[in-house]
2 protein chains.
Amino acid sequence: MTTFSNFTYYNPTRIVFGSGTIASIEKLIHTDKKILFIYGGGSIKTNGVYAQVTEALKGHTFTEFSGVEANPHKETLDKAVAVVKNEGIDFILAVGGGSVIDGAKYVAAAALYDGDGWDILEWKHTVKKAVPIGAVLTLPATGSESNGGSVITRAETQEKRFFKSEAVYPVFAVMDYTVMTTLSDRQLANGLVDTFVHTAEQYLTYPTDGMVQDGYAEALLRNIAALAKDWENRRTESWQKNLMWTSNQALNELIGVGVPQDWATHMIGHELTAIYGLDHGQTLAIVLPALLRQLRLQKSKKLLKMGRNVFGLEGADLTEDKTIDKIEALFRSVDVKLTLSEYGIKADVDAVVTALKGHGMTALGETGSITPDVAACILQRAL
Amino acid sequence: MTTFSNFTYYNPTRIVFGSGTIASIEKLIHTDKKILFIYGGGSIKTNGVYAQVTEALKGHTFTEFSGVEANPHKETLDKAVAVVKNEGIDFILAVGGGSVIDGAKYVAAAALYDGDGWDILEWKHTVKKAVPIGAVLTLPATGSESNGGSVITRAETQEKRFFKSEAVYPVFAVMDYTVMTTLSDRQLANGLVDTFVHTAEQYLTYPTDGMVQDGYAEALLRNIAALAKDWENRRTESWQKNLMWTSNQALNELIGVGVPQDWATHMIGHELTAIYGLDHGQTLAIVLPALLRQLRLQKSKKLLKMGRNVFGLEGADLTEDKTIDKIEALFRSVDVKLTLSEYGIKADVDAVVTALKGHGMTALGETGSITPDVAACILQRAL
């Protein structure tokens, strides 16, 4: 079996987890900082988070920047970059879900770069420095609150792209699960799916001897399966805090150290969001099963391991297809659809493949086996 | 069920894991630093680590300090403190196992304190600053390479005590598993036992709803059970690197966030090492089963959960005692003894209990239920 490879793991984010922790930002940010308080569409004004944040910031100097949309737009964020530059902002407080935090990372990096911020997403500019960021998480799913990754959309060209840098790890991540009570079922379901797929992207590859990595990933996948099974209790504190902590762990880089990673489901999903406007989580639930059916032989060993260790399949039931059936049933059980047509979308496979090619995504997956032709087959299965 | 509590998690150590990584210290330490290179009894001179470290430090300024013993002595370490103070040392490179790294943490903290270093171990002085530390791990077991804890022995009074501080997290931990090839079977077995018990101290308490914490802990416990079962392959790269990574994870604070913790096995074990000179791992294998038999009702739910999820017990075999049998069999399978008398020690229970009392250890365990009387019962079982 392949042995897991050398790795560096570094995650300096201070996680402050629990009920009532938003007040702690008062002490987590020094009063000599000029803060940009950045948030989304205003839901934090109705759920009480805005009031808690501004109360905690009473002794601080801050400027507000609102209106960061889901799948945050470069065009919107560049306005925040201008504010940071013009007002001498030296701390960015992101309050929201993955979109706001990802957006804050772009702002933090672009503000200390003289060129156009999109260079960062095209990996033409390597981010070595950024304005320090703090995060208050309101919607668990992406793990962005304690990792160095960010996904940004350029509306003008319908592109959704990714960058990562050690410089944009949030200094702190406040994770107060009580803010989840006002989330919709759709948001909770998207969070579940996203967490499952983040983990699967780092687990359903080819086998290695990484016992910690596989053991941790299976623990997270079992958590998601258990939370889905317990969907009727999704309004309890226990359910919500466990989703919040599980989703953080699924994408803080720990489970992926030294092992192969896929990420093709995300790359194809990003195109579907960019072209058809589906939620990120919705695209993942559509693409993952289609991709796994397509690559069931390549991923056979780990599919069987998942079937056994996550879904408890054994004997004649322990097959690649029945494992994929279980994944589909999990998504269905939280009312997430599995095909594009269920959303009323008549997708143009060629257009999606062309977009992938345009972004250089011509050898996706842990072995690079997902060429444009294979991507087309996956999309065909996802229609 | 109890819900897990609020927590802060912060672990800024940069982990550099893999074959050939010792060379990376060249770039991990700035050349303007005056380094104290601290190590143990000289095994690093015969296994090649000393040569690799000095080669990597060629462009650096460093002073050597050797002779840190197992269960490192305050008396020895205070000589290193003097060197740091007198020579203006501003970086400490610890090369060794838990004893050397724990010792380096003491030196780093005591060097920036005007009083006697033992005040730190008596929690009279709170460590807020320390000389920065880097660690090169040669013996996996304690997790000290990426946590803020340290255990120090004062030889004069036969005391073994503990402190922790955010200030003493190593800046980096180089974990090159190829250095493990020269470890003895006894060292590997001690590492296995230590890792198992670290995990158990954070898992075998009372149940909470912490799904990540329990899932991760069970993954680590299963790893140790699998490595013990595969003991005949302990000289392979795969076995050794998995022990190294598992042992790190067992005590980097992640599995213990927000959940009750026991640590009574360690506290009682520390006294046995201080009085009878047993290896740390040896004491843990003696105390843990005795403690679990004594507290089998208090710990019933988690013992049964461990029996099922770690050892695969079911039906009539799923009992507290059979779970403890499995733990004992695991220790036996790597040739570690289970009682003091097997080491030829006629222990004086009263003396050990008196030592515990003298150190304020009169209400040990996750609920404080281990009074001196209960400790005496545990020790009686361990004779």
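Residues numbered from 1 in each chain as written. Chains lettered and ligands numbered in written order. Predicted model: local features only at pLDDT ≥ 70, side-chain atom pairs only at ≥ 80, totals over all residues. Heavy atoms only, no water.

- As annotated in an unreviewed UniProt entry, chain A carries the name NADP-dependent alcohol dehydrogenase and is attributed to Seleniivibrio woodruffii.

**Describing the relation of the copies chain B and chain A**
A rotation about an axis combined with a shift along that same axis relates the two copies of the chain.
Right, on to step 1. Of the two same-sequence chains, chain B is brought onto chain A (RMSD 0.0 Å, axial shift 0.0 Å) by a rotation of 180°. Classification of the inter-copy transformation places it as that of a two-fold axis. In terms of proximity to the rotation axis, the leading residue of chain B is Pro12(B), whose C-alpha is 2.2 Å off the axis.
Right, on to step 2. When the interface residues of chain B are mapped onto chain A, 100% of them are again interface residues, pointing to one common binding face. (Least-squares fit on C-alpha atoms with pLDDT ≥ 70 in both. Contact = heavy atoms within 4.5 Å.)

**Quick notes on the side chain of Arg293(A)**
Residues and elements named next belong to chain A.
Right, on to step 1. Mapping Arg293 onto the fold places it in helix 11 (residues 280-294).
Right, on to step 2. On the basis of relative accessible area, Arg293 is assigned to the buried category, the value being 18%.
Right, on to step 3. Of the polar contacts made by the side chain of Arg293, one reaches the side chain of Asp321; its length is 3.0 Å.
Right, on to step 4. For Arg293, the residues in contact, after removing those within four places along its chain, are Asp321, Ile324, Asp325, Glu328 and Arg381. (Helix = DSSP H or I, 4+ residues; strand = E, 2+ residues; numbered from the N terminus. Buried < 20%, exposed > 50% of the residue type's maximum accessible area, 1.4 Å probe, protein only. Polar contact = N/O pair within 3.5 Å; in protein donor to acceptor, adjacent residues only side chain to side chain.)

**Quick notes on the environment of His280(A)**
All names here are of chain A.
Right, on to step 1. For His280, the location among the structural elements is in helix 11.
Right, on to step 2. As a C-alpha pair, His280 and Asn71 span 209 residues in sequence and 8.1 Å in three-dimensional space.
Right, on to step 3. Apart from residues lying up to four places away in sequence, His280 is in contact with Lys160, Asp194, His198, His266, His270 and Thr273.

**Focus on the sheet that holds strand 4 (residues 91-96) of chain A**
Right, on to step 1. In spatial order, the strands read 3(A)-2(A)-4(A)-5(A)-8(A)-1(A)-1(B)-8(B)-5(B)-4(B)-2(B)-3(B); together these twelve strands make up an open sheet with mixed pairing. Two strands in the sheet have a free side with no partner beyond their single neighbour: strand 3 (61-65) of chain A together with strand 3 (61-65) of chain B. Averaged over all adjacent pairs, the angle separating strand axes in this sheet is 25°, with direction ignored.
Right, on to step 2. Here strand 5 (residues 133-137) of chain B pairs with strand 8 (residues 172-175) of chain B via three bridges, running parallel. (Pairing = 2+ DSSP bridges. Axes fitted to C-alpha atoms, helices over the stretch in contact; angles between N-to-C directions.)

**Topic: empty space enclosed by the protein**
Right, on to step 1. Overall, the coordinates contain three cavities of 30 Å³ or more when judged by the stated rule.
Right, on to step 2. Residue lining of the largest cavity: 17 residues in total, with Tyr9(A), Asn11(A), Asn252(A), Tyr9(B) and Asn11(B) positioned closest to the centre.
Right, on to step 3. Elements supplying a minimum of two residues to the lining of the largest cavity: strand 1 (7-17) and helix 9 (237-250) of chain A together with strand 1 (7-17) of chain B.
Right, on to step 4. A per-class count over the lining of the largest cavity returns seven nonpolar, ten polar and no charged. (1 Å grid on protein atoms, 1.4 Å probe; cavity = no way out; pocket = protein on both sides within 12 Å on 5 of 7 lines; lining within 4 Å. Points joined across faces, edges and corners; volume = space filled by probe spheres on them. Nonpolar A, V, L, I, M, F, W, Y, C, P; charged D, E, K, R; others polar.)

**Some points on unusual backbone geometry**
Residue and element names in this part refer to chain A.
Right, on to step 1. Phi at Asn71 is positive, roughly 50°, even though this residue is not glycine.
Right, on to step 2. The exposure class of Asn71 is buried, given its relative accessible area of 19%.
Right, on to step 3. Phi is positive for Gln158, close to 50°, though the residue is something other than glycine.

**Examining the interface of chain B and chain A**
Right, on to step 1. Each partner contributes residues to the interface: chain B has 42 residues there, and chain A has 42 residues.
Right, on to step 2. Summed over both partners, the interface of chain B with chain A buries about 3500 Å², with 54% contributed by carbon and sulfur atoms.
Right, on to step 3. The largest contributions to the chain B side of the interface with chain A come from Met211(B), Tyr216(B) and Trp245(B), which together make up 19% of the buried area.
Right, on to step 4. Here chain B is connected to chain A by two salt bridges.
Right, on to step 5. Where Glu166(B) meets Arg14(A), a salt bridge forms, and the shortest distance between an N and an O atom there is 2.8 Å.
Right, on to step 6. Summed over the shared surface of chain B and chain A, the result is 20 residue pairs in polar contact (both at pLDDT 80 or more).
Right, on to step 7. Elements supplying a minimum of two residues to the side of chain B that touches chain A: strand 1, helix 8 (211-229) and helix 9 (237-250) of chain B.
Right, on to step 8. Here the residues of the side of chain B that touches chain A sort into 20 nonpolar, 16 polar and six charged. (Buried area = accessible area lost by both parts, 1.4 Å probe. Salt bridge = Lys/Arg side-chain N within 4 Å of Asp/Glu carboxyl O.)

**Digging into the pattern of salt bridges**
Right, on to step 1. Enumeration over the complete set of coordinates arrives at 44 salt bridges over all chains.
Right, on to step 2. Close ionic contact of Arg296(A) with Glu320(A) constitutes a salt bridge, the shortest N to O distance being 3.7 Å. Of this pair, Arg296(A) sits in the loop between helix 11 and helix 12 (300-309) while Glu320(A) is found in helix 13 (residues 320-333), placing the two residues 24 residues apart along the sequence.
Right, on to step 3. With a relative accessible area of 25%, Arg296(A) lands in the partly exposed category.
Right, on to step 4. Here Asp116(B) ties to Lys74(B) by a salt bridge, and the two come within 3.2 Å at their closest N and O atoms. Highlighted residues: Asp116(B) in the loop between helix 5 (98-110) and helix 6 (118-121) and Lys74(B) in helix 4 (residues 74-87), separated in sequence by 42 residues.
Right, on to step 5. Since its relative accessible area comes to 9%, Lys74(B) is described here as buried.
Right, on to step 6. Several salt bridges converge on common partners, so that one network encompasses Arg293(A), Arg296(A), Glu320(A), Asp321(A), Asp325(A) and Glu328(A).

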